[in-house]
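Fold and geometry: a report
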Amino acid sequence: MMQIRAEDLKMNIGGTEILKGVSIGAGDGGFIGVIGPNGSGKSTLLKCIYRVLNPTKGEVSLNGKPLHTYSFKESAREMAVVAQHNYYNFEFSVRDVVLMGRSPHKRAMERDNAEDFKIVDEALEKVGMLPFKDRSFSTLSGGEQQRVILARALAQKTNCLILDEPTNHLDIKYQLQLMDIVKELNLTVISAVHDLNIATMYCDKIFVVKDGNIVAFGSPADVLTKEFIKEIYEVDAELLTDKNGLLHILYSPGRYA
Ligand SMILES: Nc1ncnc2c1ncn2[C@@H]1O[C@H](COP(=O)(O)OP(=O)(O)OP(=O)(O)O)[C@@H](O)[C@H]1O
């Protein structure tokens, strides 16, 4: 099973310290959420983990081995990413976008084979996008694109998934569907999550980021108290536990500082 650790990450951009010494870990199929207000550093932290950014200080490791000792291809066989924004101006078909998920498993110039096409179809089927296979990716709605990007990550067949706000763009059915798909895979997951109710439903543990620091860690039910939500997000929330023992966080209009 996959272990992933970020140790004392610092990130300076243009003289501003965006991450101030952040350590997080995930492994053994755990679903780890990263929550926190806008601009707190969640995406920056995830980008250091999925190698879009190089931390100014600190280190990310996979299975105890520093990430920089992996080639990009090697780390892509371990870790797939669904990023927050996908800028696709190009005219790839849906199938071709998902096929890109197979490239870490192929040698240079190696052709896609029947197995790759099968994996792509299975991944598209899983997210309910198989009927869109021949469509141009750029003509899809935001939510459809998001599901295709998840299919690409699934086709990558990794042990670890990094998700940055994966339910962005999705209506409630597809938010639940995406989280259910990811949960059922039992992969090691690190996901930035904005919706605290989604976090309580799906995350085993959450890290809370504020102003570039981790300010709390624990199970959603332990961390997300009324007082803590007020402190972190400056909103008044009511907490309710339903008959199944699931925590719900309720808000009211105008109840913020
Ligand atoms: N390249 C950059 N140059 C300058 N500032 C940056 C850069 N990248 C990020 N920042 C700043 O760093 C802070 C953290 O950004 P980040 O995207 O990590 O936050 P976030 O917690 O993911 O926010 P959100 O919830 O709004 O997506 C923000 O104030 C952002 O403006």
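Use the structure listed above.
Let us look at the structure shown here. This one's a predicted model, so the numbers in the text were calculated from it and none came from an experiment.

Scanning the protein chain from N- to C-terminus turns up 9 helices and 12 strands. Taken over C-alpha atoms, the radius of gyration comes to 19 Å for the protein chain, in line with the 18 Å a tight globule of 257 residues would show. Projected onto its principal axes, the C-alpha positions of the protein chain cover 55 × 40 × 35 Å. For the protein chain, buried positions account for 49% of its 257 residues. When contacts within the protein chain are restricted to residue pairs at least 6 apart in sequence, those whose partners lie at least 24 apart make up 62%. Accessible area of the protein chain: about 12500 Å², with a carbon and sulfur share of 50%. Looking at the protein chain, you have 30 positive and 33 negative side-chain charges, and the mean spots of the two groups are 4 Å apart.

Attention shifts here to the layout of surface pockets. Each pocket or cavity is described by its volume, and for the second largest pocket that value is around 210 Å³. As for the second largest pocket, its lining consists of C48, R51, L53, N54, P55, G58, E59, V60, L67, H68 and F72. The greatest single-element share of the lining of the second largest pocket, amounting to 3 residues, is contributed by strand 4 (residues 57-62). Residues of the lining of the second largest pocket, tallied by class, amount to 6 nonpolar, 3 polar and 2 charged.

Taken together, the residues surrounding the ligand are I13, I18, P37, N38, G39, S40, G41, K42, S43, T44, Q84 and H194. Between the ligand and the protein, one listed contact pairs an oxygen atom with a side-chain N or O atom of N38 at 3.1 Å. Side-chain polar atom of K42 to an oxygen atom of the ligand: 2.8 Å apart, as the coordinates give it. Within the complex, the protein chains bury 57% of what would otherwise be the 640 Å² of accessible surface of the ligand. Looking at which element gives the most residues to the shell around the ligand, the answer is helix 1 (residues 42-49), with 3 residues. For the shell around the ligand, a count of residues per class yields 3 nonpolar, 8 polar and 1 charged.

So, about the pairing of strand 12 (residues 247-256). On any regular strand, side chains alternate: one points to one face of the sheet, the next to the other face. Sheet topology places strand 11 (residues 235-241) next to strand 12; 6 bridges connect them, and they run antiparallel. Opposite L240, over in strand 12, you have H248 as the bridge partner. The turn linking strand 11 back onto strand 12 is made up of 5 residues, and G245 within it adopts a positive phi angle of 85°.

If you want to describe how two helices pack, look at the angle between their axes and the distance between the axes. The contact between helix 4 (residues 114-126) and helix 5 (residues 142-155) brings their axes to 8 Å, and the two run at 135°. On the basis of the axis angle, helix 4 is oblique to helix 5. Helix 5 is crossed by helix 4, and the crossing has right-handed handedness. Seen from helix 4, the contacting residues are I119, A123, L124 and K126; seen from helix 5, they are A151, L154 and A155. Looking at the contact of helix 4 with helix 5 residue by residue, the class counts come to 6 nonpolar, no polar and 1 charged.

Procedures and definitions
- Residues numbered from 1 in each chain as written.
- Predicted model: local features only at pLDDT ≥ 70, side-chain atom pairs only at ≥ 80, totals over all residues.
- Heavy atoms only, no water.
- Helix = DSSP H or I, 4+ residues; strand = E, 2+ residues; numbered from the N terminus.
- Rg over C-alpha atoms; globule rule 2.2 N^0.38 Å.
- Buried < 20%, exposed > 50% of the residue type's maximum accessible area, 1.4 Å probe, protein only.
- Contact = heavy atoms within 4.5 Å.
- Areas by Shrake-Rupley, 256 points an atom, 1.4 Å probe, with all protein chains shown as cover.
- Lys, Arg positive; Asp, Glu negative; His and termini not counted.
- Charge placed at Lys NZ, Arg CZ, Asp CG, Glu CD.
- 1 Å grid on protein atoms, 1.4 Å probe; cavity = no way out; pocket = protein on both sides within 12 Å on 5 of 7 lines; lining within 4 Å.
- Points joined across faces, edges and corners; volume = space filled by probe spheres on them.
- Nonpolar A, V, L, I, M, F, W, Y, C, P; charged D, E, K, R; others polar.
- Near = heavy atom within 4 Å.
- Polar contact = N/O pair within 3.5 Å; in protein donor to acceptor, adjacent residues only side chain to side chain.
- Pairing = 2+ DSSP bridges.
- Axes fitted to C-alpha atoms, helices over the stretch in contact; angles between N-to-C directions.
- Parallel < 35°, antiparallel > 145°, perpendicular 65-115°, else oblique.
- Left-handed = near helix turned anticlockwise from the far one by under 90°.

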